[in-house]
Amino acid sequence: QVQLVESGGGLVQAGGSLRLSCAASIRTFSQYGMGWFRQAPGKEREFVAGITRSGGNTNYAVSVKGRFTISRDNAKNTVYLQMNSLKPEDTAVYYCAKSAYYRSSYYPTRLYEYDDWGQGTQVTVSS
């Protein structure tokens, strides 16, 4: 069973930065694309960023492009989300997820294309 454990969330002022980490307990981590999603109170879970299994390609939601950076370290089975210039509207629970596509160069953006999820970490941005 795959376990994904996020860390790094917290409270930060607008304009600040946070770095989220997601450690995966899977031997074939390097064979799967990974993604970050977020869910604000009363809203649906939404795609934030995705990265291919090699880390060579990334994709971002329009709302975070230019401010957030997704990366991964396959030697450490970990994916990261560097968040800069944070805004109050970035406040949400952030989840990492593993793509359902094995050995694919595709980085999915839809919830149903991910089959394992972490428990989430809270990010709160104060104005």
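Okay, so let's go over this structure.

Brief notes about the environment of Lys65
So, point 1. Its location among the elements puts Lys65 in the loop between strand S6 (58-60) and strand S7 (68-73).
So, point 2. Spatially, the C-alpha atom of Lys65 lies 24 Å from that of Gln119, the residues being 54 residues apart in sequence.

Considering the pattern of salt bridges
So, point 1. What the rule picks out here adds up to five salt bridges.
So, point 2. Of the charged contacts, one joins Glu46 and Arg38 as a salt bridge, the two residues approaching to 2.7 Å between their closest N and O atoms.
So, point 3. On the basis of relative accessibility, which here comes to 36%, the residue Glu46 falls in the partly exposed class.
So, point 4. Note that Asp90 is salt-bridged to Arg67, the shortest N-O span being 2.8 Å. With a gap of 23 residues between them, Asp90 in the loop between strand S8 (78-83) and strand S9 (92-102) and Arg67 in the loop between S6 and S7 connect regions that are remote in the sequence. You'll find Asp90 and Arg67 in the same group, each marked buried.

Quick word on the sheet that holds strand S3 (residues 18-24)
Sheets are built from strands paired through backbone hydrogen bonds, the pairs being either parallel or antiparallel.
So, point 1. If you walk across this open sheet you meet the four strands as S1-S3-S8-S7, and the pairing is antiparallel. Unpaired on one side and paired on the other, strand S1 (4-7) and S7 mark the two borders of the sheet. Here the strands of the sheet are splayed against their neighbours by 15° on average, with no regard to which way each runs.
So, point 2. Where S7 lies against S8, six bridges are found, and the strand directions are antiparallel. Counterpart to Arg72 in the pairing with S8 is Val79.

What counts as what
- Residues numbered from 1 in each chain as written.
- Predicted model: local features only at pLDDT ≥ 70, side-chain atom pairs only at ≥ 80, totals over all residues.
- Heavy atoms only, no water.
- Helix = DSSP H or I, 4+ residues; strand = E, 2+ residues; numbered from the N terminus.
- Salt bridge = Lys/Arg side-chain N within 4 Å of Asp/Glu carboxyl O.
- Buried < 20%, exposed > 50% of the residue type's maximum accessible area, 1.4 Å probe, protein only.
- Pairing = 2+ DSSP bridges.
- Axes fitted to C-alpha atoms, helices over the stretch in contact; angles between N-to-C directions.

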